[in-house]
Every structure is written in C-alpha cells, then in structure tokens.
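Single-letter residue listing:
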Amino acid sequence: MKIINAKNKGFNYPVIIGQNIINSLPAELSKRKLSGRVFVIIDSNVYKYYHEVIKNVFDNRTEKIHYLQLPANEKLKSLNSADKVYKTLIGENFGRDTLLLAIGGGTIGDVGGFVASTYMRGVELVHVPTTLLAAVDSSIGGKTGINLLNAKNIIGTFYQPSLVLVDINFFKSLHEDEITSGAGEIVKYGFISDEDFYNYIYKNLGLLLELNSSVLNNIISESVKLKLAVISNDVFDTKGLRKILNFGHTFAHAFESYFSFRFNHGKAVIAGLIAALFLSHRKRIINREKLNDLLRLPLLLKNKNLISDFNSSEMVELMRTDKKNKKGMLNFVLIKDFGELRKFWFKRANCRIVRAKPGSFVCHIWRDAMLKLFRPYCINFGTV
Ligand SMILES: NC(=O)c1ccc[n+]([C@@H]2O[C@H](COP(=O)([O-])OP(=O)(O)OC[C@H]3O[C@@H](n4cnc5c(N)ncnc54)[C@H](O)[C@@H]3O)[C@@H](O)[C@H]2O)c1
C-alpha cells in the first residue's frame, strides 16, 4: 500500500493506493476523523460487480448506509443528475455531517464532487475511483464538472476530497477500452514528467494494459504525485501552471464532441497527444528526430481502435469553441522536450480550413494528416 499526501495551504488529504485495500476504508476514515453519515453514490456497473464487496466494507457500521446507484456515462454529468442526488439527500434527511462517498469512474466522481461541494455549502467527500482514468486523473486535483447544452464541464467547482482510496482490484472488471482510456492520460504524464518516467511507461505499457499489480501501483503513484505537484502550485487554475495537464486536450475535447462522445476520453486524448506532437513539430518547436522519439509511446497504442475519419474543418470549428481560448485565439499546449511544455496561442483570424483525407486518422498516416491540418494556419504565437 502506498500513501501519497496531497498537501497545500488549503488542503491536506491522503491518496491511498494498493490492491485489496477497500476493506481498510472504515479504518482510514476513522483515522482521519471522517465520522459523518455515509451516503454512497455508486456507478451501477460497479454496484453490479461489487455490491457484496462494498456492503461488506461497512458491515460493522450500526447506522444505515444509503446507496444511490447511477448509470455512469457522459450524460450523467447533468444538472438533472445533481438534482436527483440533492433530492435523495434531502429526502433521507442528510445534514451537514454527510460524508459523500463517490464510487465509480470520472463521471460519478465529477457529479459526486459537484454535489458534495454545493450540498449545504459543502460536505465531506471521499473518492473511490474504479477506473484507471479516475485513479490517475479525475479523482485528483479537486475539479468537479457538469455539462450543459453542448459544453463540457461548463458548470463546476474546485473542491478537494478528504480522502482518495484507489483499490486496483476494481480494474479487473473494466472493459479493455476503459483500460486504454486510462493509459491515454498516463501517456500524457509520460510527456509532462521526465524521460525516465516516459521510458518506464514505454517499457511497461504491455504489463500496464494486462493490469500487472506492481506496474499499476508504480505508474498510478507516479501519476498521482505528478498531478498533485502541478495542481498544488495552481489549485484554482489561475496561474496557467495547471495548463500543462491539458497537453493534447484541445484536440481531444474537439474529437470527443466531433464523435458525440462515442470514443472515450482517454482515446480522444491519445489522438490529441499525437496531434499536439505534430503541431509542435510543425511549429518547429521540436525537430523530426525529437518528434519520432516522442511518438514512440502513443504509437504503441495504435492498434487500440483509435479515432479515424474526421473532417478537419469541423474539428477546427470545434476547437474554436474550446473554453481555454481567449480573445478569439486558439490555445494549445505544445512540447519542447520531456517535461518542457508551453502554452501557445493561435490567431483565430488566420485559421483556414483544409480537409484531412477520409480515414486519415489512422496512426501510420497520421503524420500527413496532421501536417495538412495545420500547414496553412498561422500563427502569431508566444509563450504565456
Ligand atoms: N475532474 C477532473 O479533473 C477530470 C479529469 C479527467 C477526466 N474527467 C472526467 O472523467 C470522465 C471520464 O471518466 P471515466 O473514463 O472514468 O468514465 P466513466 O465514469 O464514464 O466510466 C467508464 C465506464 O466504465 C464503467 N466502469 C467504471 N468502473 C468500472 C469497473 N471497476 N468495472 C467495470 N466497469 C466500470 C462505467 O460504468 C462506464 O461504463 C469524463 O467525464 C471526464 O470529463 C474529470
């Protein structure tokens, strides 16, 4: 079991990572004086697989634990879902002493976090992430999010949990696509960390995808440490430091919208990372040799049913609506080297539209597609 302390002026909580550790949750809660009345919001798939396991966790509790099962998917991140959780909390007389336990992937965590941050002006929150993506990313850092109209995470809060417990046993029932999705964010950490971590992931990606416990423990811990190091210096995303976590994400969010969320977030991130690498090369921030070096890791995932067939004009239109844009400028995080990322602004007025070949977003011809996509745009850019 590894414990990483998330510590900053405004928060101090542990992220506990291990195998077969879910039963230690009550002890961890009482160790930290988290004695509130437990309200569990749980992904209905997770409930289906693990309800016995989870109910056993609280076997010794005398008070009734309330479970609210919710179907986890992007549509869950709505005001309607939050409304349902609020009404259940009120109906069951949950007060300020509520301890909201969010058991599930990033969608459950985002809704649970949002409700915890707003119900009675904030109640204790504990995340038990059950997807690889939630373990390395969404349960860490305190962002909560709800979608409205077509805008992703347009409503949300910053709200830190009091504890995060990652039991890698949950991942055994994940669909292969969800494991690839988590791997997408992990590959991103490979770029923003350093060459050693990148190479560790590169060498062990196969074992990671097979859910080898020691590799999982190492990679999750390093990813969590890295995310915490970034967010601790920019908790409310005001200094621009947190933006490096968005490497590949301007493209990824546009891909997600373009494909109406048919591809999961991490797969969109893998495509987005590759696109961002090509754009970094296109802008002469990295040379061809560096590009090939940096592409090694994401290209290991090329057989994982990634994104294909997109219309680049529509992609650019979608990127224009990205909420990171300012004054009509498109925002991208680009890479100079391992751990050296910068934010670039692209003048919207100069964007022209070209078409990528149908099917061009298959890895072996990605290079040409991305060069075509970006060749004519440009670009008044500088670091921020
Ligand atoms: N708050 C943040 O900082 C942050 C960061 C990254 C991503 N996110 C958000 O996270 C969301 C994506 O999260 P996700 O990828 O975990 O998706 P998800 O929560 O939708 O889960 C994906 C699928 O896996 C299933 N599942 C979950 N755990 C399982 C298990 N142990 N066994 C079997 N099936 C299981 C779910 O039922 C669902 O079908 C997106 O909405 C994204 O915006 C938030």
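Computed from a prediction, not measured in an experiment: that's the story for all the values here. (Residues numbered from 1 in each chain as written. Predicted model: local features only at pLDDT ≥ 70, side-chain atom pairs only at ≥ 80, totals over all residues.)

### What about the overall build of the chain?
1) Next: Per the secondary structure count, the chain includes 13 helices and 11 strands.
2) Next: Residues classed as buried in the chain amount to 45% of the 384 residues present.
3) Next: By sequence separation, contacts in the chain at least 24 residues apart represent 75% of the contacts at least 6 residues apart. (Helix = DSSP H or I, 4+ residues; strand = E, 2+ residues; numbered from the N terminus. Buried ≥ 20, exposed ≤ 12 C-beta atoms within 10 Å, placed from the backbone. Contact = placed C-beta atoms within 7 Å.)

### A word on the packing of helix α6 (residues 176-192) against helix α7 (residues 195-209)
1) Next: The N-to-C vectors of α6 and α7 enclose an angle of 170 degrees; their axes lie 9 Å apart at closest approach. Judged on the interaxial angle alone, α7 and α6 are roughly antiparallel. Residue-level inspection shows Ile179, Ala183, Ile186, Val187, Tyr189, Gly190 and Phe191 of α6 in contact with α7, the latter providing Phe197, Tyr198, Ile201, Leu205, Leu208 and Leu209.
2) Next: Residue classes in the contact of α6 with α7 are distributed as 12 nonpolar, one polar and no charged. (Axes fitted to C-alpha atoms, helices over the stretch in contact; angles between N-to-C directions. Parallel < 35°, antiparallel > 145°, perpendicular 65-115°, else oblique. Nonpolar A, V, L, I, M, F, W, Y, C, P; charged D, E, K, R; others polar.)

### Observations regarding the site of the ligand
1) Next: Taken together, the neighbourhood of the ligand is formed by 31 residues, with Asn45, Gly105, Gly106, Thr131 and Ser138 sitting nearest.
2) Next: At the level of elements, α2 (44-57), α4 (106-118), α5 (132-138) and α6 are the ones that each hand at least two residues to the shell around the ligand.
3) Next: When grouped by side-chain class, the residues that make up the shell around the ligand number eight nonpolar, 16 polar and seven charged. (Near = placed C-beta within 6 Å.)

### A short note on the sheet that holds strand β2 (residues 11-18)
1) Next: Ordered by their spatial adjacency, seven strands build an open sheet running β1-β2-β9-β6-β5-β3-β4, and the pairing between neighbours is mixed. With partners counted over all chains shown, the strands left at the sheet margins are β1 (2-8) and β4 (66-70), one partner each. Looking at each pair of strands side by side, their axes are set apart by 15 degrees on average, direction ignored.
2) Next: In this structure, strand β3 (residues 37-43) lies alongside β4, joined through five bridges in parallel fashion. Looking across to β4, one finds that isoleucine 41 is bridged to leucine 68.
3) Next: Of the strands in this sheet, β3, β4 and β5 (98-104) touch α2, which is tilted by about 135 degrees from β3.
4) Next: Seen against the sheet, α4 touches β3, β4, β5 and β6 (124-129) and runs at an angle of roughly 165 degrees to β5. (Pairing = 2+ DSSP bridges.)

### Thoughts on helix α3 (residues 79-91)
Structurally, the α-helix is built with 3.6 residues per turn, so residues lying three or four positions apart point the same way.
1) Next: End to end, α3 covers 18 Å across 13 residues, agreeing with the expected 18 Å (1.5 Å per residue, within 8%).
2) Next: Residues Ser81, Ala82, Val85 and Leu89 constitute the buried set of α3. What you see down the axis of α3 is that its buried residues fit within an arc of 100 degrees, all on one side. Counted as exposed and oriented over 90 degrees from the buried face of α3: Asn80, Asp83, Lys87, Ile90 and Gly91. (Expected span 1.5 Å × (residues − 1). Arc of directions from axis to C-beta.)

### A closer look at the packing of helix α10 (residues 265-282) against helix α11 (residues 288-299)
1) Next: As a packed pair, α10 and α11 sit with axes 10 Å apart at the nearest point and diverge in direction by 175 degrees. Relative to α11, the element α10 is oriented roughly antiparallel. The segment α10 lies against α11, with Ile270, Leu273, Ile274, Leu277 and His281 engaging Arg288, Leu291, Leu294, Leu295 and Pro298.
2) Next: Residues of the contact of α10 with α11, tallied by class, amount to eight nonpolar, one polar and one charged.

### Examining the environment of leucine 300
1) Next: Counting through the fold element by element, leucine 300 comes out in the loop between α11 and α12 (312-320).
2) Next: For the pair formed by leucine 300 and glycine 206, sequence separation is 94 residues and the distance between their alpha carbons is 9.1 Å.

### Some words on unusual backbone geometry
1) Next: Phi is positive for asparagine 20, which is not a glycine, with a value near 65 degrees.
2) Next: Secondary-structure assignment places asparagine 20 in the loop between β2 and α1 (25-31).
3) Next: One non-glycine residue, asparagine 93, lies in positive phi territory at about 60 degrees.
4) Next: Relative to the helices and strands, asparagine 93 resides in the loop between α3 and β5.
5) Next: A residue is classified by how many C-beta atoms lie within 10 Å of it, and asparagine 93, with 8 of them, is exposed.

### Notes on the environment of leucine 279
1) Next: In this fold, leucine 279 is placed in helix α10.
2) Next: For leucine 279, a count of 25 C-beta atoms within 10 Å corresponds to the buried category.

### Observations concerning the environment of leucine 68
1) Next: Positionally, leucine 68 belongs in strand β4.
2) Next: Given 17 C-beta atoms within 10 Å, leucine 68 falls into the partly exposed group.
3) Next: Setting aside anything within four residues of it in sequence, one finds leucine 68 in contact with Val40, Ile41, Val85 and Thr88.

### Quick word on the pairing of β6
Regular strands have side chains that alternate between both faces of the sheet.
1) Next: Within β6, six of the six residues are buried, which leaves it mostly tucked inside the rest of the structure.
2) Next: Taking every second residue as pointing to the same face, both faces of β6 are buried, with Glu124, Val126 and Val128 on one and Leu125, His127 and Pro129 on the other.
3) Next: One ladder, built from six bridges, connects β5 with β6; its direction is parallel. Bridge pairing in β6 places leucine 101 opposite valine 126.
4) Next: This β-α-β element, β5 to α4 to β6, shows right-handed connectivity. (Right-handed = clockwise from strand over helix to strand, strands pointing away.)

Nothing here speaks to function; it is all geometry.
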